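Commentary on secondary and tertiary structure
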Amino acid sequence: MAKVILPGGEVREARGLTFLELLGPNAKEAAAALVNGEIRDLREEVPEEGEARILTLSDPQALEVLRHTAAHILAHAVLRLFPGTKLAIGPAIADGFYYDFRFESPITHEDLARIEEEMRRIVAEDLPLERVWLPRTEAERLLQEKGEVYKLELLEEIPGEKISFYRQGEFLDLCRGPHLPSTGLVRHFKLLDLAGAYWRGDPHRDMLTRIYGTAFATAQELESFLRWREEARRRDHRVLGPSLDLFSIQNETVGAGLVLWHPKGARIRRIIEDFWVAEHYKAGYKLVYTPHIGRSRLWQISGHLDFYRESMYAPIVIEDQEFFLKPMNCPFHISIYKTKTRSYRELPIRYCELGTVYRFERSGVLHGLLRVRGFTQDDAHIICRPDQVEEEIKRVLRFALHILRAFGFTEFTAYLSTRPEKYIGNPEDWERATEALRRAAEEEGLSYEVKAGEGAFYGPKIDLEVQDSLKRPWQLTTIQFDFNLPERFDMTFIGPDGREHRPYMIHRALLGSLERFFGILIEHYGGAFPVWLAPVQAVVLPVSEKDIPYAEEVAEKLRAEGIRAEAWTREGKTLRWLVREAQLQKIPYILVCGAREAAEGKAALRLRTSENLGPQPLPEIIARIRAADSSRSTAL
RNA sequence: GCCAGUGUAGCUCAAGGGGUAGAGCAUCCGCCUUGUAAGCGGAGGGUUGCCCGUUCGAGUCGGGCCACUGGCUCCA
């Protein structure tokens, strides 16, 4: 006899019944059953023995089932509205679900509303979802009859003779399940997007139409998800960038994927760079500068021309010599290393550079600041002895976390990518490097995931992913071993034994690229930068034109204290207008100066949060702003 | 690169199923002298992404290109 734990905690014993029968009229919110850690249909029979737990809709584990069923409802609705549409796959994903279709003629966003309406009808019909097992031959015949070419392909890969289908009303779909017992339980869902997707992610195969949607157990969860989505849209750096006058990208004239940093964006970048450089010097790095182009010989040695050429800009020919825009900084850093014979005593050498590189990215993948063609890597190459590897890796990782925390990131996940099938170098080096990465992650208390075989051919790596204020993941830091370039460039150092040895080389970028990182920062802070990064920290507003001289005096005093302050003295603008403008610019401090303040050497302080603190003595305001600046916190 | 959608003033958007482009904000010029999220009036601003075609006539219809958006793919 199996024990079945009901949602309320009550335990029942049963035999020969399905879960649904066991539950009877109490089945209302029941979604699935958890049997030995596996999620099963409620229409299945209670197992002979062991333990089972009934999951309700509000169980996190049931969410995937709910969404998978929602995907079926989507496909069902599509087939009702667009007969002849071919079905591909329809899984649950992190934020919802999708289904891939091949429509006979294109559909548009307007069709989504119709499809959603039809889905609601299917939900209202409360159709039972029943599992149907068909013998392989019959399954094949059935799918052939329907012309479901994609399903037939999937079928080929399914082992066994009994093939699982699910039926709801007139809709029957090849599917491994599990599913909710009935369509009526999918109450809170919404279709979100329409996109193209290749069949099996292969660009040589059919392009399908993917419909994205999401579903939740409760209306509140759906609503808060949609609000979150709306908030993310509002924070889009491509919207905030121009409206805060931070940067622009002008593809018709300047070029796609090439970023113009406006004065305010440049101010922020400079602060980031100054911080970055200062911290690197403190951490024992040596800053270098290298050119934007290099002769083809260099890129031949590095192998870029052989393996990376399609991502490089076409050569520039001068005096019969070919030069290439650099896609990476490493060959230059290595060239500096090689200017003389290096002793083991010199190592480790840590070269760092904010190096601007150019890579040809296909136009379809360009995306604001996040995916561009010209960008500045916060790059470094660490060249060290084998016995220093572990210590160096720990240092880099610790350093990376230190830098990222300064920018307000507190949640990290590490991904350790290990040796792929095709690799270069010897397995012992790989082993040593991989273990160093692993131990460093463990020592820093990072939760990490191993991506087996996902390393580049030239070395293992560890990537750090941060979560922004909206809990969205961004991969920033990458720390990567390279067993290839030291070979290619024949990098050596003289050991204590007087012989030449091959050093280890580690590539690393902490922020990734300044462009991408800036885009992420804009979204992370929603444009409201903490004081230390704010391009304008304080704005001084005169109440009327008579107060302009005092406003200018106040701004001057703040600037003398190293505060980035401006007096806004435009004629013909009311205080109301100026305050609104300052708020929209998300300037942290607004200092209102009128006759009353001038008389007492004060300014009325209003914060970006709209909090109005009234007149304050200037020294107090200055101290407050300076404290907020040096703390690097978001507090005002 | 691929699929779908979109492209009108600096920005956000209008112009019934072809009839010769309009509003708000911004800009400029005045007036107002302002006390914490838009004071008032006026003016300028467009080869409707580009090219070709259909038509008496194209922002609107057709074809090609370009760009962007959402994805997919790529990221030695």
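Residues numbered from 1 in each chain as written. Chains lettered and ligands numbered in written order. Predicted model: local features only at pLDDT ≥ 70, side-chain atom pairs only at ≥ 80, totals over all residues. Heavy atoms only, no water.

1. Structural notes on the overall build of chain A
- When you go through chain A residue by residue, the secondary structure sums to 19 helices and 33 strands.
- Here the C-alpha coordinates of chain A stretch approximately 85 × 80 × 50 Å along the principal axes.
- Across the 636 residues in chain A, those meeting the buried criterion constitute 52%. (Helix = DSSP H or I, 4+ residues; strand = E, 2+ residues; numbered from the N terminus. Buried < 20%, exposed > 50% of the residue type's maximum accessible area, 1.4 Å probe, protein only.)

2. A word on the protein's contact with RNA strand B
- Contacts to RNA strand B come from 54 residues, most closely from Y198, M207, F457, R576 and E597.
- Take the atoms of RNA strand B that sit within 4 Å of the protein: sugar and phosphate atoms are 51% of them.
- Note that a base oxygen of RNA strand B is positioned 3.4 Å from one of the backbone N or O atoms of R596.
- Taken together, the elements giving at least two residues each to the surface near RNA strand B come down to β12 (188-198), β13 (207-216), α10 (304-307), α17 (575-584), α18 (595-600) and β32 (602-607).
- Ranked by the residues each element gives to the surface near RNA strand B, the list is headed by α17, at 7 residues. (Near = heavy atom within 4 Å. Polar contact = N/O pair within 3.5 Å; in protein donor to acceptor, adjacent residues only side chain to side chain.)

3. A look at the domain arrangement of chain A
- Its domain assignment divides chain A into domain 1 (2-56), domain 2 (61-232), domain 3 (280-290 + 326-525) and domain 4 (538-631).
- If you average the C-alpha positions of domain 1 and of domain 4, the two centres end up 66 Å apart. (Domains from an automatic or database assignment.)

4. Considerations on the sheet that holds strand β28 (residues 504-513)
- Judged by pairing direction, the sheet is mixed, and its 8 strands sit side by side in the order β16-β20-β21-β28-β25-β24-β22-β23 without closing on themselves. The outermost strands of the open sheet, each flanked by one partner alone, are β16 (286-287) and β23 (448-451).
- By the bridge criterion, 4 bridges tie strand β22 (residues 412-417) to β23 in an arrangement that is parallel. Its bridge partner lying in β23, L416 is registered against V450.
- Across the sheet, helix α12 (residues 389-406) lies against β20 (349-358), β21 (374-384), β22, β24 (461-467), β25 (473-482) and β28, angled at about 5 degrees from β28, the strand it touches most. (Pairing = 2+ DSSP bridges. Contact = heavy atoms within 4.5 Å. Axes fitted to C-alpha atoms, helices over the stretch in contact; angles between N-to-C directions.)

5. Topic: α12
- Helix length check: α12, at 18 residues, gives a terminal C-alpha distance of 26 Å against a target of 26 Å (1.5 Å per residue), a fit within 8%.
- Buried within α12 we find V389, E392, I393, K394, V396, L397, F399, A400, L401, I403, L404 and A406. (Expected span 1.5 Å × (residues − 1).)

6. Observations concerning the pattern of salt bridges
- Using the criterion set out here, one finds 50 salt bridges in the structure.
- For E10, the salt bridge identified is with R12, shortest N-O distance 3.1 Å.
- When its relative accessible area of 26% is taken as the criterion, R12 is described as partly exposed.
- R120 is paired through a salt bridge with E116; the nearest N and O atoms lie 2.9 Å apart. (Salt bridge = Lys/Arg side-chain N within 4 Å of Asp/Glu carboxyl O.)

7. Section: the pairing of strand β10 (residues 162-168)
- Within β10, 5 of the 7 residues are buried, which leaves the element mostly enclosed by the surrounding structure.
- Sheet topology places strand β9 (residues 129-135) next to β10; 7 bridges connect them, and they run antiparallel. Residue pairing for β10: V132 is matched across the bridge by F165.
- Sheet topology places β10 next to strand β11 (residues 171-174); 4 bridges connect them, and they run antiparallel. Bridged to Q168 within β11 is F171.
- Between β10 and β11, which pair antiparallel one after the other, the connecting turn spans 2 residues, and G169 there sits at a positive phi close to 55 degrees.

8. A short note on the sheet that holds β11
- Pairing within the open sheet is antiparallel, and its 3 strands lie in the order β9-β10-β11. Edge strands, defined here as strands with exactly one partner in the open sheet, are β9 and β11. With strand direction ignored, the average angle separating the axes of adjacent strands in the sheet is 30 degrees.
- Its contacts with the sheet put helix α2 (residues 60-81) on β9, β10 and β11, and the angle it makes with β11 is roughly 125 degrees.
- The sheet contacts of helix α4 (residues 136-146) involve β9, β10 and β11, and relative to β9 the element is tilted by about 110 degrees.

9. Looking at the packing of α4 against helix α5 (residues 149-157)
- Packing of α4 against α5 brings their axes to within 9 Å, and their N-to-C directions diverge by 160 degrees. Overall, the two elements α4 and α5 adopt an arrangement that is roughly antiparallel. At the point where α4 passes α5, the crossing takes the left-handed sense. Between α4, through R136, A139, E140, L143 and Q144, and α5, the contact on the second element is made entirely by K151, L152 and L155.
- Partitioning the contact of α4 with α5 into residue classes produces 4 nonpolar, 1 polar and 3 charged. (Parallel < 35°, antiparallel > 145°, perpendicular 65-115°, else oblique. Left-handed = near helix turned anticlockwise from the far one by under 90°. Nonpolar A, V, L, I, M, F, W, Y, C, P; charged D, E, K, R; others polar.)

10. Some details on a nonpolar patch on the surface
- A cluster of nonpolar side chains, I293, I316 and I318, forms an exposed patch at the surface whose accessible area comes to about 230 Å².
- Positionally, I316 belongs in strand β18 (residues 316-318).
- Here I316 falls in the partly exposed class, since its relative accessible area comes to 35%. (Patch = residues over 30% accessible without salt bridge, like charges linked within 9 Å, V, L, I, M, F, W, Y side chains within 5 Å. Areas by Shrake-Rupley, 256 points an atom, 1.4 Å probe, with all protein chains shown as cover.)

11. With respect to the layout of surface pockets
- Its volume calculated, the largest pocket comes out at about 1,100 Å³.
- Residue lining of the largest pocket: 37 residues in total, with Y308, M328, R359, Q377 and Q480 positioned closest to the centre.
- Every element with two or more residues in the lining of the largest pocket is listed here: α10, β21, β24, β25 and β28. (1 Å grid on protein atoms, 1.4 Å probe; cavity = no way out; pocket = protein on both sides within 12 Å on 5 of 7 lines; lining within 4 Å. Points joined across faces, edges and corners; volume = space filled by probe spheres on them.)

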